[in-house]
Amino acid sequence: VFNCLPVCALVDEKILCMHGGLSPELKSLQQITDLQRPCDVPDVGLMCDLLWSDPDQKTNGWAENDRGVSFVFGADVVASFLEEHDLDLLVRAHQVVEDGYEFFAGRRLVTLFSAPNYCGEFDNAGGMISVDEHLMCSFQILKPSSRSARFARNEVNNTSETNSNAASSSTSSS
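As the structure is a prediction and not an experimental result, all values here were calculated from the model.

A.B. asks: So, unusual backbone geometry: which residues are in play, and what are the values?
C.D. replies: Cis rather than trans, the peptide bond between Arg37 and Pro38 has omega equal to -10°. For Pro38, the position within the fold is in the loop between helix 1 (30-33) and helix 2 (46-52). Even without glycine at this site, Asn117 takes up a positive phi of about 50°. Looking at the secondary structure, you find Asn117 in the loop between strand 8 (109-112) and strand 9 (126-131).

A.B. asks: An account of helix 3 (residues 75-84) is needed here, citing residue identities and associated values.
C.D. replies: Buried residues of helix 3: Val77, Val78, Phe81 and Leu82, and no others. Looking down the long axis of helix 3, one finds its buried residues gathered within 120° of arc, a one-sided arrangement. Away from its buried face, by an angle of more than 90 degrees, helix 3 presents the exposed residues Glu83 and Glu84.

A.B. asks: Describe the pairing of strand 7 (residues 101-104), listing the residues and the values that go with them.
C.D. replies: Pairing analysis gives four bridges linking strand 7 to strand 8, with the strands arranged antiparallel. Directly across from Phe103, in strand 8, lies its bridge partner Val110. Hairpin connection, strand 7 to strand 8: the antiparallel pair is bridged by four residues, and Ala105 has positive phi, about 60°.

A.B. asks: Summarise the environment of Ile141; cite the residues concerned and give the values.
C.D. replies: When you line up the elements, Ile141 lands in strand 10 (residues 137-142). When the C-alpha positions of Ile141 and Pro116 are compared, they lie 9.1 Å apart, and in sequence the two are 25 residues distant. Ile141 has contacts with Asp99, Tyr101, Ala125 and Gly126, leaving out every residue within four places of it along the chain.

A.B. asks: Summarise the nonpolar core; cite the residues concerned and give the values.
C.D. replies: In summary, soluble globular proteins display a tendency toward joint burial of nonpolar side chains. In terms of nonpolar packing, the biggest core is built from 22 residues, with Leu16, Leu22, Leu50, Val78, Phe81 and Leu90 touching the most fellow members. Those elements giving two or more residues to this core turn out to be strand 2 (15-18), helix 2 and helix 3. Residues in contact with Leu22, not counting those within four places in the same chain, are Asp49, Ser53, Trp62, Phe73, Val77, Val78, Phe81 and Leu90. Ile15, Leu89, Val91 and Val110 belong to the second-largest nonpolar core, a separate cluster that totals five residues.

Cut-off values and rules
Residues numbered from 1 in each chain as written. Predicted model: local features only at pLDDT ≥ 70, side-chain atom pairs only at ≥ 80, totals over all residues. Heavy atoms only, no water. Helix = DSSP H or I, 4+ residues; strand = E, 2+ residues; numbered from the N terminus. Buried < 20%, exposed > 50% of the residue type's maximum accessible area, 1.4 Å probe, protein only. Arc of directions from axis to C-beta. Pairing = 2+ DSSP bridges. Contact = heavy atoms within 4.5 Å. Core = buried A, V, L, I, M, F, W, Y, C linked by side-chain atoms within 4.5 Å.

All we've got here are geometric facts, nothing functional implied.
Below, the structure is given as structure tokens:
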């Protein structure tokens with residue numbers, strides 16, 4: 001999918017959206033426009049960083065990412081990037097956040113994660129952002145289902161599979 005989708009979106013020249021985050025190679029927004037699509041995502045470089053870099057509370061500047069790909073960047077990087085490019089907000093995804101969205105860098109970057117109960121492994125909410133004509137952002141939260149409700153659904157599914165298997169074996173033995 002990442003080979004074909006746009007790498008970033010710019011909302012009204014003020015809100016830059018991407019999957020991952022910033023890149024130390026990103027000096028001009030025109031560089032994003034110039035990226036050729038579709039293409040394989042490289043292991044390093046601008047496109048890789050836009051898809052896989054992460055903000056980090058403990059980092060100033062740039063540092064290696066513990067994920068083994070791209071970089072982490074600090075709030076100082078966000079502030080200088082937004083100022084240099086006359087932007088108001090960065091919106092990104094790529095990290096599970098408990099409440100569906102999470103601010104960073106003095107509310108100048110937001111991580112938005114739309115999948116509640118990610119992969120059945122997390123109890124996170126999902127989030128959606130709406131941007132009005134005045135660039136006012138609001139968030140909608142998709143509450144996670146409770147663990148007991150998820151397990152109850154699995155038990156119902158497993159029971160109906162068992163019952164249908166029992167029905168099949170009883171009809172085949174008649």
